[in-house]
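Descriptive structure summary
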Amino acid sequence: MLSNVSGCGDLSKLISMHATEIVHAINGMSNSISGAIDAAGNDATVAKIGFAVFVAFVGAFSAFIFNIIHWKVAQKRQDTANLANSLIGLINSLESLAIEYWMNDYDKTKEHSTNVAEVQIKAVLRQIGKYSSVFVQNLKGRNYRTIQPILEGFVSEVYDLVTGDGFESTIRQSSKAKAVKIAKECSDARVVISSMLIRF
């Protein structure tokens, strides 16, 4: 039964997969205990033994269910932490690439490296959008309602900020002010994601 735990999408799916198996086990144990008690008649010792076996079974089954729930909760937290760390890493990459890009005027002698930087920036922006969506979907309740609009706003704003004005243009001029804004947006997003991990 436990061999299928890692392949289940959620607890309800896991339990439904083994529902018949679990019910049969409980019914079999109950019938065996009832039969032993009936056969013993008034023999209190057998009845006590049967009751003890039943209690032990219920305890073992409860522990099994608890372990599944605990595993699922721990796994979800780990998955969310991994997503958050990946998202923070992508934000760091975007910040570094975008600041370097916007701190320099367009230079025809560096056209190849500029084209590479533009491709990298757009790729990282797309990844941030996708990772943000998955990260938010992993959250529930108040955490979801709190962070969803913040991350969606960040993704939209940082995209417009980085790719606006003279991006991919041969007349691009350096802009320290834009670089500072990019750094601030990225810093704020990292703080929000990190604080959400602490509360999760």
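Residues numbered from 1 in each chain as written. Predicted model: local features only at pLDDT ≥ 70, side-chain atom pairs only at ≥ 80, totals over all residues. Heavy atoms only, no water.

1. A word on the overall build of the protein chain
Helix and strand counts for the protein chain stand at six helices and zero strands. Along the protein chain, from the amino end to the carboxyl end, the secondary structure elements read α-α-α-α-α-α. Per-residue burial over the protein chain gives 29% buried out of 200 residues. Of all intrachain contacts in the protein chain linking residues separated by at least 6 positions in sequence, the fraction that spans at least 24 positions is 78%. Carbon and sulfur atoms provide 58% of the accessible area of the protein chain, an area that totals close to 12,100 Å². (Helix = DSSP H or I, 4+ residues; strand = E, 2+ residues; numbered from the N terminus. Buried < 20%, exposed > 50% of the residue type's maximum accessible area, 1.4 Å probe, protein only. Contact = heavy atoms within 4.5 Å. Areas by Shrake-Rupley, 256 points an atom, 1.4 Å probe, with all protein chains shown as cover.)

2. Things to note about the confidence of the model for the protein chain
In this model, the protein chain carries an average pLDDT of 79, and 71% of its residues clear a pLDDT of 70 or more. Within the protein chain, no element has a lower average pLDDT than helix α1 (residues 11-17), which sits at 51, and none a higher one than helix α4 (residues 111-137), at 95. For the stretch residues 1-9, pLDDT sits under 50, and the model shows 15 contacts to residues farther than four places along the chain or on other chains. (pLDDT = per-residue confidence, 0-100.)

3. A look at the pattern of salt bridges
All chains considered together, the criterion is met by five salt bridges. Of the charged contacts in the structure, one is a salt bridge between Glu168 and Lys122, with a shortest N-O distance of 2.7 Å. Note that Glu168 is positioned in the loop between α5 (141-163) and α6 (176-199) and Lys122 in helix α4, a separation of 46 residues in sequence. Note on Lys122: relative accessible area 28%, which makes it partly exposed. A salt bridge links Lys184 to Asp188, with the nearest nitrogen and oxygen atoms 2.9 Å apart. Of this pair, Lys184 and Asp188 both sit in helix α6, four residues apart, which is roughly one turn of that helix. (Salt bridge = Lys/Arg side-chain N within 4 Å of Asp/Glu carboxyl O.)

4. As for the nonpolar core
If you look at the biggest cluster of nonpolar residues, it comprises 31 residues, and the most contacted ones within it are Ile91, Leu94, Ile128, Phe135, Ile147, Val162 and Ile193. Counting only elements with at least two residues in this core, the list comes to α3 (44-102), α4, α5 and α6. A per-element tally of this core places α3 first, with ten residues. Beyond its immediate sequence surroundings of up to four residues, Ile193 is in contact with Ala84, Leu87, Ile88, Ile91, Phe135 and Leu151. (Core = buried A, V, L, I, M, F, W, Y, C linked by side-chain atoms within 4.5 Å.)

5. Observations regarding the layout of surface pockets
Quantified by volume, the largest pocket comes out at close to 210 Å³. Along its surface, the largest pocket is lined by Leu97, Glu100, Tyr101, Asn104, Asp105, Asp107, Lys110, Ser113, Thr114, Ala117 and Arg172. Looking at the lining of the largest pocket, the elements that each hand over two or more residues are α3 and α4. (1 Å grid on protein atoms, 1.4 Å probe; cavity = no way out; pocket = protein on both sides within 12 Å on 5 of 7 lines; lining within 4 Å. Points joined across faces, edges and corners; volume = space filled by probe spheres on them.)

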